[in-house]
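Coordinate inspection notes
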Amino acid sequence: MAGITPVDPIPFLSPTASQRDVIRLLVIPLLVYCAWLTEIFLLEGNVSLFHAPGTLPLVVYTLVGCIVTGMLVPVLLLRRSFLTGAVNMFQIGFRPFRRTVMACILVGMACYLVAVLMVPAGSFQSALPGLFLLYLPTGIAAVMICWVLVGTHVQALVRSGGAGASIPAGVAVTAILFGLTTKAHTPAPGLPDPLSLCLVLGMVTALFFFAVRDVYATSIVVTTGMTLVRSGLADPAVSGSAIPGVVLCALLALCALLAIHGYFSRNFTTVIVVPDR
């Protein structure tokens, strides 16, 4: 009849714009994080892979857990976010080549100095490069999932509150998510639970990423931190037959990251409104 406004009998099937934003910017990234965490546990932590990194299991873990789920799936979601204006190249940390090289050199030197100062001279210090390469695929995937995907999307969700809301929210959420990854990694029999240290590492890495906005430099920071925090969880004598597989997996992860950078640079031209640092 005239004058009667029709009522949607099942309004929950017609989400509002704000509800769609929560699903797209928070729920879906968190589901990807959960899937990635599950794969880490099944392919690495459940079999204590980092205690004895066999080449074939390490390659499978790198390809499935680190590259496909940890790097390529975020790319699919980021494509949509580029088109909607939720993120841009600056925000996700893919910067011009020259700036990236300079950032990696400076950060790499700083991380090397920290590692040398924190680890006493001896057999373990000489094993640091091998352990760094062992953790590098995981470190890159962690940056892509926790900060490039979840962190930037959380910030986009609360962007209306300004930097005073988006930065603390991004730091808090991503630090917790990264800290929880320690529960999925290789267990630490007879050693203290590294959860608290990983939470601190997550917070430091989050502050670094949101300040510098560089995926590669952030990957160096978090991988160095994992090498130091989780040093007791991996055999410090990563050498001999394990080294070729470790190097191969590190190269695969790095090449995948470079390919993603090239893809974004070719297909998504964005205006950087924040001055280059």
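Let us look at the structure shown here.

Cut-offs applied
- Residues numbered from 1 in each chain as written.
- Predicted model: local features only at pLDDT ≥ 70, side-chain atom pairs only at ≥ 80, totals over all residues.
- Heavy atoms only, no water.
- Helix = DSSP H or I, 4+ residues; strand = E, 2+ residues; numbered from the N terminus.
- Buried < 20%, exposed > 50% of the residue type's maximum accessible area, 1.4 Å probe, protein only.
- Areas by Shrake-Rupley, 256 points an atom, 1.4 Å probe, with all protein chains shown as cover.
- Contact = heavy atoms within 4.5 Å.
- Axes fitted to C-alpha atoms, helices over the stretch in contact; angles between N-to-C directions.
- Parallel < 35°, antiparallel > 145°, perpendicular 65-115°, else oblique.
- Left-handed = near helix turned anticlockwise from the far one by under 90°.
- Core = buried A, V, L, I, M, F, W, Y, C linked by side-chain atoms within 4.5 Å.
- 1 Å grid on protein atoms, 1.4 Å probe; cavity = no way out; pocket = protein on both sides within 12 Å on 5 of 7 lines; lining within 4 Å.
- Points joined across faces, edges and corners; volume = space filled by probe spheres on them.
- Nonpolar A, V, L, I, M, F, W, Y, C, P; charged D, E, K, R; others polar.
- Phe/Tyr/Trp six-rings, centres within 6.5 Å; stacked < 30°, edge-to-face > 60°.
- Salt bridge = Lys/Arg side-chain N within 4 Å of Asp/Glu carboxyl O.

So, about the overall build of the protein chain. When helices and strands are tallied, the protein chain shows nine helices and zero strands. Counting from the amino terminus, helix and strand elements in the protein chain follow one another as α-α-α-α-α-α-α-α-α. In the protein chain, buried positions account for 45% of the 277 residues. On the protein chain, roughly 13,200 Å² of surface is accessible, and the fraction owed to carbon and sulfur atoms is 74%.

This next bit is on the environment of Leu25. Structurally, Leu25 is set in helix H1 (residues 17–45). Owing to a relative accessible area of 4%, Leu25 belongs among the buried residues under this scheme. Not counting the four nearest positions on each side in its chain, Leu25 is found in contact with Ala86, His153, Val154, Ala156 and Leu157.

As a further point, take the packing of helix H4 (residues 97–118) against helix H8 (residues 215–229). Interhelical geometry of H4 versus H8 gives an angle of 15° and a closest axis separation of 8 Å. As far as their axial angle goes, H8 and H4 are roughly parallel. In the packing of H4 onto H8, the handedness of the crossing is right-handed. Residues Thr100, Ala103, Cys104, Val107, Gly108, Cys111, Val114, Ala115 and Met118 of H4 form the contact with H8, whose participating residues are Tyr216, Ala217, Ile220, Val221, Thr224 and Leu228.

Another aspect to go through is the nonpolar core. Judged by nonpolar contacts, the single largest core of 60 residues is most densely connected at Phe94, Met144, Trp147 and Phe264. Among the secondary structure elements, those contributing two or more residues to this core are H1, helix H2 (55–84), helix H3 (89–92), helix H5 (123–157), helix H6 (163–180), helix H7 (195–212), H8 and helix H9 (242–267). Ranked by the residues each element gives to this core, the list is headed by H5, at 17 residues. Here Met144 is in contact with Gly70, Met71, Pro74, Phe94, Leu149, Val215, Leu257 and Ile260, once residues within four sequence places are set aside.

On to the layout of surface pockets, then. In this structure, the second largest pocket occupies an estimated 200 Å³ of space. As for the second largest pocket, its lining consists of 11 residues, and the residues nearest its centre are Tyr112, Ala115, Leu128, Pro129 and Phe132. Elements with a minimum of two residues in the lining of the second largest pocket: H4, H5 and H8. Taken together, the residues that form the lining of the second largest pocket break down as seven nonpolar, four polar and no charged.

Evaluated as defined, the whole model comprises one cavity of 30 Å³ or more. Size it by volume and the largest cavity reaches roughly 40 Å³. Surrounding the largest cavity, Phe178, Thr181, Thr182, His185, Cys198, Met226 and Arg230 form its lining. The residue inventory of the lining of the largest cavity, partitioned by class, reads three nonpolar, three polar and one charged.

With that out of the way, let us pick up the packing of aromatic side chains. Taken as a whole and judged by the stated rule, the model has 12 aromatic pairs. Between Phe94 and Tyr216, the aromatic rings sit 6.5 Å apart at their centres with planes inclined by 85°, giving edge-to-face as the arrangement. Taken together, the residues Phe94 in the loop between H3 and H4 and Tyr216 in helix H8 connect sequence positions 122 residues apart. With a relative accessible area of 3%, Phe94 lands in the buried category. A residue is classified by how much of its surface remains accessible, and Tyr216, at 8% relative accessible area, is buried. Ring geometry for Tyr263 versus Phe264: centroids 5.7 Å apart, planes at 50°, classification tilted. By relative accessible area, Phe264 is classed as buried at 0%. Pairwise contacts between aromatic rings join Phe82, Phe94, Tyr216, Tyr263, Phe264 and Phe268 into one cluster.

Bringing the packing of H2 against H9 into the picture now. The N-to-C vectors of H2 and H9 enclose an angle of 10°; their axes lie 10 Å apart at closest approach. By the angle between their axes, H2 is roughly parallel relative to H9. Between H2 and H9 lies a crossing whose hand is right-handed. When H2 is examined against H9, the residues Thr55, Leu58, Val59, Thr62, Leu63, Ile67, Met71, Leu72, Val75, Leu78, Arg79 and Phe82 are found in contact with a partner set consisting of Gly245, Val246, Leu248, Cys249, Leu252, Ala253, Ala256, Leu257, Ile260, Tyr263 and Phe264. For the contact of H2 with H9, a count of residues per class yields 19 nonpolar, three polar and one charged.

On to the pattern of salt bridges. Any two side chains of opposite charge can pair, given that their charged atoms come close. All chains considered together, the criterion is met by two salt bridges. Asp21 is paired through a salt bridge with Arg24; the nearest N and O atoms lie 3.1 Å apart. Taken together, the residues Asp21 and Arg24, both in helix H1 and three residues apart, mark about one turn of the helix. A relative accessible area of 30% means that Asp21 is categorised as partly exposed. The exposure class assigned to Arg24 is partly exposed, which follows from its relative accessible area of 23%. A salt bridge links Arg99 to Asp214; its shortest N-O distance comes to 3.7 Å. With a gap of 115 residues between them, Arg99 in helix H4 and Asp214 in the loop between H7 and H8 connect regions that are remote in the sequence. Judged by relative accessible area, which is 14%, Arg99 ranks as buried.

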